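Topology and contacts: notes
One-letter residues, chain by chain:
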Amino acid sequence: MSSNTNGSAASTGIPDIPANISFPREEEKILKFWKEIDAFKTSVKLSEGRPVYSFYDGPPFATGKPHYGHILAGTIKDVVTRFAHNTGHYVERRFGWDCHGLPIEYEIDKKLGIKAPEDVAKMGIAAYNEECRSIVMTYASEWEETVTRCGRWIDFKNDYKTMNVTFMESVWWVFKQIFDKGQVYRGFRIMPYSTACATPLSNFEAGSNYKDVIDPAVVVSFPMVDDPKTAFLAWTTTPWTLPSNLALCVHPEFEYWKIHDQESDSNFVLLGSRVESFYKEYKKEPKYKVLEKLKGSSLVGTKYTPIFPFFKENSRAFVVVADTYVTDDSGTGIVHNAPGFGEDDLRVCLAHNIVTGEGDVPCPVDAAGRYTSEVSTYSGVYVKDADKAIQKDLKASGRLIRQSQISHQYPFCWRSDTPLIYKAIPCWFIRVTTITDKLVKNNNQTYWVPDFVKEKRFGNWLEGARDWNISRNRYWGTPIPLWASDDFEEIVAVGSIEELMKLSGCERLEDIHRHHIDHITIPSKTGKGVLRRVPEVFDCWFESGSMPYAQKHYPFEGKEEFEKSFPAQFIAEGLDQTRGWFYTLMVLSTHLFDKPPFQNVIVNGMVLASDGKKMSKRLKNYPDPVDVMNNHGADVLRLYLITSPAVRADTLRFSEPGIKQLTAKAFLPWYNAYRFFFSQLTVLKKDYDIDFVYNPYAPTPENVMDRWILASTQSLVQFVRTEMEGYRLYTVTPRLVAFVDQLTNWYVRFNRRRLKGEYGVEESVTANQTLFEVLFTLTKVMAPFTPFIAELMYQNLKTCLPANWDQGPDDRSVHFLLFPEVKSQYFNEDIERSVSRLQAVIELGRAIREKKNLSLKTPLRELIVIHPSDQFHSDIRSLESYIVEELNVRTITLTKDESQFGISYKLLPDHKALGQKLQKAYDPVRKAFAKLDKATVEEYVKTKKLTLVGYEFQEEDLLVVREFKDSPNYEAQSSKDVLVILDIVQDETLVQEGLAREIINRVQRLRKKAGLQITDDVAYFYQMEVDPKDELANVLVSQKDFLLKQLKVPLRLLSELSESGLSEVAREVQEVESSKFMLLLARDK
């Protein structure tokens, strides 16, 4: 698994780290290594006896392949549970499968061409259910492969499935507990109904898939019985409900107008405030006359002529009623009521005794959404398809007054993606309204990231929660364990297989799906013959909400184990689960134990395609996640996802270029620092015969940069521990990436010469000791986040550990080790402050060079640093050599005196903030700012206080800008309280040194291109090809000593190669400004 060794590195036993790396190929090697040592199982075994950290994994369906949303949630779960394991906990991680419900049935319906319940009846429920069982685990192997390839450690062998009899039996137990508390009832409700799946849905399912649609919008007339020339006008977007109309509803307090329509010579009644909208096409010349103004309550009881004759036998129907749910923002202010197809319609009709709800609610639509024979004219027609025919018939009968279309949002079935209807259905409900206060109380005991989801989205949903329809008129699911008499007056809830055997006398059951138990009856205890099982099955959300109990077959098995692990310390899923799994978990645990089912939850947002649209297989607008891992690596995909806004429940536009950028920004620099470390060990061995071994007991080094990076490493350890305990991954991962920058672009870059041994062997050993400690600590810190590269580096880094150093009972994998403890002895505020100031000065200097297009290889004469603090000067002076080398300047001047450099100050107020704060009073303040004199500004710079026209201003109100008088020889940059000035004039000596550095750079580039190691001895030959004014030739002479010091060997003319006896390794034409020369590398044959 670790990198191959060859050449001199192999002979020394030092790992030979290749210059180029394929992260995906290395990850595949590591996967094989983990398999060889059974790494996940071994890690769990090693943690036995530790404190339990409880984690619940929500079950996905295996009827589709995993997508980025699954990978994001899975990575969050893996990072948190790995961290929990590494910080001394025992973490059970079991995968689960959602095996029942519409996703499976819908696939079978498509496969077998099933359109309605009678099709299932023909083939038999047993055959249908076995078809469902056969496809449940269709993509299980793809799931396991993808999840494993992501580096996620979770137990697939000891998984749970909602179709297992042990799981189903625990679901029965959960239901019976709630039933026995009187919290289950059978209700006749208007429910969201999927005609494609022939089943009602819960309200939270119906709310999960709204789409913009265009529907008909019609105004229909309802003539009064006592005044046929006058008609009520009602507006509807569902013409298909008109055949079931039983009432018209007005608002009791609104003002309605009776008007005469001149065009039709008819009288209409509608809401007065809606008349203009009704006549909007005649706005310039109204074609109506107001005859009378009436209060809504005065219209109540008025009889009208029905549109269709289908339900004329109801003598209480076809009358005007009143209710305050009627609005004045659309339509005509008169609503047609079809009590079988609207929640408010049914409520109002019940309140006005138009229906009793006992079998007299017209609902002439079958399970597939087709009209029944009760509506003979449209019998067998799908209701949505009947809209056009109904409008045509209304027009023919003169009842269609207006015909148009409306674009609005409408709910669709989340599984079949077909429009829902609202339909009166007998359903089984769990009471939720009775426990709302408890739900809110239990939610308040939980911790959410981000917290607004808890307070807003989830909290608001709980406060407005309605009773939960837990029944589905389907087949493949856990049967609801209720046996009832024909009149439903005697009902028995069964909570276990043993109880069913005892009550019915049936044999031992190995399966309790419908086709195995529907025939079983229970003798009535009240003389009602036999009790038969109700036909419904559970909503699959009831099963997933029962997962904490059912995965352990509680209370039939593992009672003690369950009680230790409930509630879960951690769960994580997507934002959509606030009305799904999070909600059902909370409802059931509150009913059962009056406890929250989890303590901590991370909610992730959606992963969209790069264009901001939903990822679509049809549109092919996203790269396959497996291809991304195979091309770029799983580690970088993991870090990309958990560094994204999606970890804060926001949306992420997935970008493959973003993956590449993260590789370049974090992974390659980290890898190169690791590789550089081992190359320096090879130099130590070759040049000084030193076998490097890390000394964990070495004293704290004296070098400031060593102490800074060690302190920074411990700050990182402390930060990660604190933030992970708060489940704030969104703060942790950016800090990890930033630390890689600190390590590579500051520590290694600034200490390269020390590490190479240019300051002596002792300094080299000390610096490499520091670099090892940082790299080794970083692998353990990064292990939960990037498990592959952490393992790769650990396998080679551990070769530097002393033989007697105890890392625990098994050190074969980094994932068997504990997370680092904070070494507080390394903390040093003075050093961290000093280096922070060093970085500020260097970044300002770099900015000047970039602005003036001056390469860092070009030496400059002087850098002037202006700051009022003696401590600042002292900090910079202690690190002066690093600034000189990095910014390539000859001298550094530190001063407090700004006047000699023509520095002036300007105060810029935060106009927006101050304008909001002071409002009208800000205008005189703004004018006063414009007139500030130099002395007042300088006084503010010293005291940080300013009073203008009676108002006091502090630092947060004002920005101080230093202005440097323009000069052709100097350029300045400032940041907060420090200003640097760089002498940008170049003389010939400085120019020549800059060109010499360019030559050294070309030699190093060719060495790298030729695949040479740092310890490979090579000779360098050159031949000028183009050299105007002998510029480069002169540099080779004037800078001969400097070149020799840097390259270790002299640059020789190419003509000397033949006499040298050396063999050519590589040659290439090089360019330095306007000159060109052939560069050739050679070594012993």
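The preceding data block contains the structure.
Within each chain, residues carry numbers counting from 1 in the order of the written sequence. The predicted nature of this model means local features are confined to residues of pLDDT at least 70 and side-chain atom pairs, given and counted, to a pLDDT of 80 or more, with totals for whole chains, interfaces and linings taken over all residues. Derived side-chain values reflect all non-hydrogen atoms in the structure, with water molecules and hydrogen atoms excluded from consideration.

**Some details on the pairing of strand E23 (residues 530–533)**
Here E23 shows one buried face, formed by Leu531 and Arg533, and one open face, formed by Val530 and Arg532. Bridging between strand E20 (residues 482–484) and E23 involves 2 bridges; their strand directions are antiparallel. Bridge pairing links Trp483 to Arg533 in E23. Strands pair, by our definition, only if DSSP identifies at least two bridges between them. Only runs of H or I of at least four residues qualify as helices and only runs of E of at least two qualify as strands under DSSP, and these elements are numbered from the N terminus. As paired elements, strand E22 (residues 521–523) and E23 share 3 bridges and run antiparallel to each other. Along E23, the bridge assignment pairs Thr521 with Arg532. The hairpin formed by E22 and E23 contains 6 residues between the paired strands, and Gly527 there has a positive phi angle of roughly 80°. Working definition: with a 1.4 Å probe on protein chains only, accessible area under 20% of the residue-type maximum means buried, over 50% means exposed, and in between means partly exposed.

**Quick notes on a positive patch on the surface**
Taken together, the side chains of Arg752, Lys756, Lys1045 and Lys1048 define a basic patch exposed on the protein surface. Its location among the elements puts Arg752 in helix H27 (residues 729–756). Here Arg752 falls in the partly exposed class, since its relative accessible area comes to 37%. Only residues whose relative accessible area exceeds 30% and that form no salt bridge enter a patch; like-charged residues are grouped when within 9 Å of one another, and nonpolar side chains (Val, Leu, Ile, Met, Phe, Trp, Tyr) when within 5 Å. Throughout, the Shrake-Rupley method with a 1.4 Å probe supplies accessible areas, and for residues the shown protein chains are the sole cover considered. The term salt bridge refers to a side-chain nitrogen of Lys or Arg lying within 4 Å of a carboxyl oxygen of Asp or Glu. Neither His nor the chain ends contribute to the count of charged residues, in which Lys and Arg are positive and Asp and Glu negative. Taken as the charge location is NZ of Lys, CZ of Arg, CG of Asp or CD of Glu.

**Remarks on the sheet that holds E23**
Each strand in a sheet pairs with its neighbour through backbone hydrogen bonds, running either in the same direction (parallel) or in the opposite one (antiparallel). Strand order in this open sheet of 4 strands is E21-E20-E23-E22, and the pairing throughout is antiparallel. Each end of this open sheet is capped by a strand with a single partner; those strands are strand E21 (491–493) and E22. The sheet shows a mean angle of 30° between the axes of neighbouring strands, taken without regard to direction. Of the strands in this sheet, E20, E21 and E22 touch helix H17 (residues 497–504), which is tilted by about 55° from E22. Note on definitions: angles span 0 to 180 degrees between N-to-C directions of axes, and those axes are lines fitted to C-alpha atoms, for helices only across the stretch in contact. Any two residues whose heavy atoms approach within 4.5 Å at even a single point are treated as in contact.

**Comments concerning helix H8 (residues 140–149)**
Every buried residue belonging to H8 is among Ala140, Trp143, Thr146, Val147 and Arg149, and all of these are buried. Downstream of H8 by a residue or two, Gly151 has a phi angle that is positive, lying close to 90°.

**Observations concerning the sheet that holds strand E26 (residues 600–604)**
Strand order in the open sheet formed by 3 strands is E17-E26-E25, with parallel pairing between adjacent strands. Looking along the sheet, the strands with just one partner apiece sit at the ends: strand E17 (447–449) and strand E25 (571–574). Within the sheet, the average angular offset between the axes of one strand and its neighbour, ignoring direction, is 20°. Most of the contacts of helix H16 (residues 451–463) go to E17, to which it runs at about 105°, and overall it touches E17 and E26.

**Quick look at the side chain of Gln839**
Inspection of the secondary structure assignment puts Gln839 in helix H30 (residues 829–851). On the basis of relative accessible area, Gln839 is assigned to the buried category, the value being 11%. The residues touching Gln839, leaving out its near neighbours within four places in the chain, are Trp708, Gln742 and Trp746.

**Describing empty space enclosed by the protein**
Both site types are read off a 1 Å grid over the protein atoms alone. A 1.4 Å probe that fits but cannot get out defines a cavity, while an open set with protein on both sides within 12 Å along at least five of seven lines defines a pocket; lining residues have an atom within 4 Å of a point. Grid points are joined across faces, edges and corners, and a volume is the space filled by probe spheres set on the points. Within this structure, the stated rule accounts for 5 cavities of 30 Å³ or more. Computed from the structure, the largest cavity encloses a volume of approximately 80 Å³. Around the largest cavity, the lining residues are Gly101, Leu102, Glu105, Glu205, Trp414, Arg472, Arg474, Trp476, Val537, Phe538, Asp539 and Cys540. The residue inventory of the lining of the largest cavity, partitioned by class, reads 6 nonpolar, 1 polar and 5 charged. Computed from the structure, the second largest cavity encloses a volume of approximately 70 Å³. Taken together, Phe23, Glu26, Glu27, His632, Gly633, Asp635, Val636, Thr663, Phe667, Phe788, Ile789 and Leu792 make up the lining of the second largest cavity. The residue inventory of the lining of the second largest cavity, partitioned by class, reads 6 nonpolar, 3 polar and 3 charged. Residues were grouped as follows: Ala, Val, Leu, Ile, Met, Phe, Trp, Tyr, Cys and Pro as nonpolar; Asp, Glu, Lys and Arg as charged; and all remaining residues, including Gly, as polar.

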